[in-house]
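Chain and residue survey
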Amino acid sequence: MTIQTIPTAPIDGQKPGTSGLRKKVSVFATPGYLETYTQAIFDAVSPEGAVLVMGGDGRYFNREAMATILRIAAANGVARVIVGQNGILSTPAASHLIRKRKANGGLILSASHNPGGPSGDFGLKYNIANGGPAPEAVTDAIVACADRIDRYKIIAADAPALSNLGEVRFGDMVIEVVDPVSDYATLMEELFDFDAIRQMIAGAFTLRFDAMHAVTGPYATEIFQQRLGAPSGSVINAIPSEDFGGGHPDPNPVWAKPLYDLMLGSDAPDFGAASDGDGDRNMILGRGIYVTPSDSLAILAANAHLVPGYQIGIAGVARSMPTSTASDRVADHLGVEAFQTPTGWKFFGNLLDAGRATLCGEESAGTGSDHVREKDGLWAVLMWLNILAVRKVSVATLVKEHWATFGRDYYSRHDYEGIAGDAAAELMDALKDNLSSLPGKSTHGMTVNAAEDFSYTDPIDGSVSTGQGIILTFEGGARAMLRLSGTGTEGATLRVYLEQYAPPDTSHDLDAQTALSNVIKATSELVQIEHFTKRKAPDVIT
Ligand code: VG1
Ligand code: CO
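As the structure is a computational prediction, the values presented were derived from the model and not from experiment. (Residues numbered from 1 in each chain as written. Chains lettered and ligands numbered in written order. Predicted model: local features only at pLDDT ≥ 70, side-chain atom pairs only at ≥ 80, totals over all residues. Heavy atoms only, no water.)

Re the overall build of the chain
- Summing up its helical and strand segments, the chain has 18 helices and 27 strands in all.
- Against the 2.2 N^0.38 benchmark of 24 Å for 542 residues, the chain shows a C-alpha radius of gyration of 23 Å, consistent with a compact globule.
- Put simply, the chain has 542 residues, and 58% of those count as buried.
- Restricting to contacts in the chain with at least 6 residues of sequence separation, those with at least 24 account for 73%.
- Counting every atom, the chain has about 19,700 Å² of accessible surface; 49% of that belongs to carbon and sulfur.
- Seen as two clouds, the 43 positive and the 63 negative side-chain charges of the chain have centres 1 Å apart. (Helix = DSSP H or I, 4+ residues; strand = E, 2+ residues; numbered from the N terminus. Rg over C-alpha atoms; globule rule 2.2 N^0.38 Å. Buried < 20%, exposed > 50% of the residue type's maximum accessible area, 1.4 Å probe, protein only. Contact = heavy atoms within 4.5 Å. Areas by Shrake-Rupley, 256 points an atom, 1.4 Å probe, with all protein chains shown as cover. Lys, Arg positive; Asp, Glu negative; His and termini not counted. Charge placed at Lys NZ, Arg CZ, Asp CG, Glu CD.)

Quick notes on the nonpolar core
- The biggest cluster of nonpolar side chains holds 75 residues, and the ones touching the most others in it are Met188, Phe192, Phe224, Phe271, Trp379, Leu382 and Trp384.
- Among the elements that make up this core, the one with the highest residue count is helix 13 (residues 377–391) (11 residues).
- Two domains each put at least three residues into this core: domain 1 (3–179) and domain 2 (184–406).
- Each residue touching Trp384, except ones within four places of it in the same chain, is listed here: Phe271, Ile284, Val291, Ser296, Ile299, Leu300, Val395, Leu398 and Val399.
- Grouped together as the second largest cluster of nonpolar side chains are 45 residues, Val81, Ile149, Ile154 and Ile155 included. (Core = buried A, V, L, I, M, F, W, Y, C linked by side-chain atoms within 4.5 Å. Domains from an automatic or database assignment.)

Notes on the coordination of the cobalt ion (ligand 2)
- Donor atoms from the polypeptide that bind the cobalt ion (ligand 2) are Ser112 (OG), Asp276 (OD), Asp278 (OD) and Asp280 (OD), placed at 2.0 to 2.1 Å.
- Coordination at the cobalt ion (ligand 2) is irregular: its 6 donor atoms span angles of 50 to 174° at the metal.
- Residue Asp276 is classed as buried on the basis of its relative accessible area, which comes to 0%. (Donors = N, O, S within 2.8 Å, 3.2 Å for Na, K, Ca; no water. Tetrahedral: all angles 85-135°; square planar, octahedral: opposite > 155°, others 65-115°.)

Comments concerning the domain arrangement of the chain
- With domains assigned, the chain is organised as domain 1 (3–179), domain 2 (184–406) and domain 3 (408–541).
- Between domain 1 and domain 2, the C-alpha centre-to-centre distance is 28 Å.
- Facing the 32 residues of domain 1 at the interface are 32 residues of domain 2.
- Across the interface of domain 1 and domain 2, roughly 2,500 Å² is buried in total on both sides, 58% from carbon and sulfur atoms.
- Note that Lys125 is salt-bridged to Glu374, the shortest N-O span being 2.6 Å.
- Counting across the domain 1 and domain 2 interface gives 11 residue pairs in polar contact (both at pLDDT 80 or more).
- Taken together, the elements giving at least two residues each to the side of domain 1 that touches domain 2 come down to helix 4 (91–100) and strand 6 (121–128).
- The element that contributes the greatest number of residues to the side of domain 1 that touches domain 2 is helix 4, accounting for 6 residues.
- The residue inventory of the side of domain 1 that touches domain 2, partitioned by class, reads 9 nonpolar, 18 polar and 5 charged. (Buried area = accessible area lost by both parts, 1.4 Å probe. Salt bridge = Lys/Arg side-chain N within 4 Å of Asp/Glu carboxyl O. Polar contact = N/O pair within 3.5 Å; in protein donor to acceptor, adjacent residues only side chain to side chain. Nonpolar A, V, L, I, M, F, W, Y, C, P; charged D, E, K, R; others polar.)

Regarding the sheet that holds strand 14 (residues 289–291)
- Strand order in the open sheet formed by 5 strands is 11-10-12-13-14, with mixed pairing between adjacent strands. Each edge of the sheet is formed by a strand with only one pairing partner; in this case those strands are strand 11 (235–236) and strand 14.
- Pairing between strand 12 (residues 271–275) and strand 13 (residues 282–286): 5 bridges, direction antiparallel. Paired with Phe271 across the strands is Gly286, a residue of strand 13.
- Seen against the sheet, helix 9 (residues 257–264) touches strand 10 (207–210), strand 12, strand 13 and strand 14 and runs at an angle of roughly 20° to strand 13. (Pairing = 2+ DSSP bridges. Axes fitted to C-alpha atoms, helices over the stretch in contact; angles between N-to-C directions.)

A look at the side chain of Asp278
- Inspection of the secondary structure puts Asp278 in the loop between strand 12 and strand 13.
- The contact partners of Asp278, leaving out residues within four places of it in the chain, are Asp57, Ser90, Thr91, Pro92, Ser110, Ser112 and Val215.

Here we look at the pattern of salt bridges
- Within this structure, the stated rule accounts for 28 salt bridges.
- A salt bridge links Asp43 to Arg151; its shortest N-O distance comes to 3.2 Å. Placement of Asp43 in helix 2 (residues 33–45) and of Arg151 in strand 7 (residues 151–155) is noted, with a sequence separation of 108 residues between them.
- Looking at Asp43, the relative accessible area reads 31%, which means it is partly exposed.
- The salt bridge involving Asp280 is made with Lys375; its shortest N-O contact spans 3.7 Å. Of the two residues, Asp280 sits in the loop between strand 12 and strand 13 while Lys375 sits in the loop between strand 18 (366–369) and helix 13, which places them 95 residues apart along the sequence.
- With a relative accessible area of 3%, Asp280 lands in the buried category.

Right, here's the structure in full:
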């Protein structure tokens, strides 16, 4: 087959954000854009003879993008691409496949929880041989290649369709189409006590899983309905659609409102959960209760030993900086290490590889373990189900018992979306300039103890990541964290994360916004949020 070398110009060279490169579909679909970025990845990672995994969340443009990427891969000497049937692979399933097949890396086509469709978002992320997102050294190398690129190589023929299982040759490359679900479902059976969960479901226990028209539909149907015996209808919105049914496939109380309302209403099943576009996030609910992701991590850590895959105990718990400190208290109680990393799953990779952390979590509905190197929505749901099957209590009881033992971390995230990029930068710069003047300041009954521009030194390889967000710590254990989103595609998003600790012997029954009201007011004032953003209130509160 003929290999063409097509001249091209460098693309914006934007540093890939928190998780791969995300842009509007219209940008990725600009002739030469996807081609150039894909070639930049291959220039950075030496593709000759490589085995790669490829899959995506089924969103609009995945099909065309995969056909193009296959042509570029073959032209760059890739030996084999293992791809999910019809291009489908959830992010955790892709991570598992990279590890299981000892691939050199993988390409995940997704913009995660961002909306899809022709006017929506698209994303491309490179994962390394451990199955995890590329660390900063690799993403920096990709950016450097994108900055100086002048050509891409592409096979002149169309790539084959990805609808039939099995192997096909494409030039000198083999394309291997695999079932996207089976290996992943088998891994879940190895980690969890499916018999115990099946028995619980065969009893009176009811559940509802909302796949949000995204990639987990086929996985959840196989696992919950086929293998665990939940009645049909337990998994809803189970067919992946190119525009996620027109919604945001973001599992939180705002975007998964129908499920949230069901679970807090009078006809609630025992357990409710949802996942995002690419299947790495999770939302957990019980009848009458929403479990914050930060609490979920802490509760899973405290109960992990009840699950077969973790019965020997956990080595450590890692959480991202803005995730509440609830899991630190559990780690302390268990006598294991606790880590605070920057936002983004890539920062957990080394800790997981080194066996220092077993469970990891982010406040943004990401929870996972050392079974793969991505966060894993269905894994988190199965952890909960397995623990509930052993403990034989409701979600609400489990959560309240946890608070009674460890205390409660009231938690909320306030997002100011689509603000002007300049205004966002000015706010952060002003905050950094004023940082040393904040300790000792008091307002709304809150006194600042410490103000820190968070930087992280990886304990395994010593690499340093600076400018990872601001942490304000208040007297009495409250914290406020501020950072700019690295995954948005329109303007800038300011994230303000707020937490307030309530010890075991105090009330845990307040509404979170009420419990946090002084932290919210103090932070708004100290940071002058309205002055810089020109917004009176956040756009999204979760
Ligand atoms: C957001 C979350 C972060 C998460 C990232 C990717 O990033 O805050 O915790 O790791 O999305 O999640 P940001 O920079 O917008 O705050 V997803 O499900 O790609 O995969
Ligand atoms: Co995701």
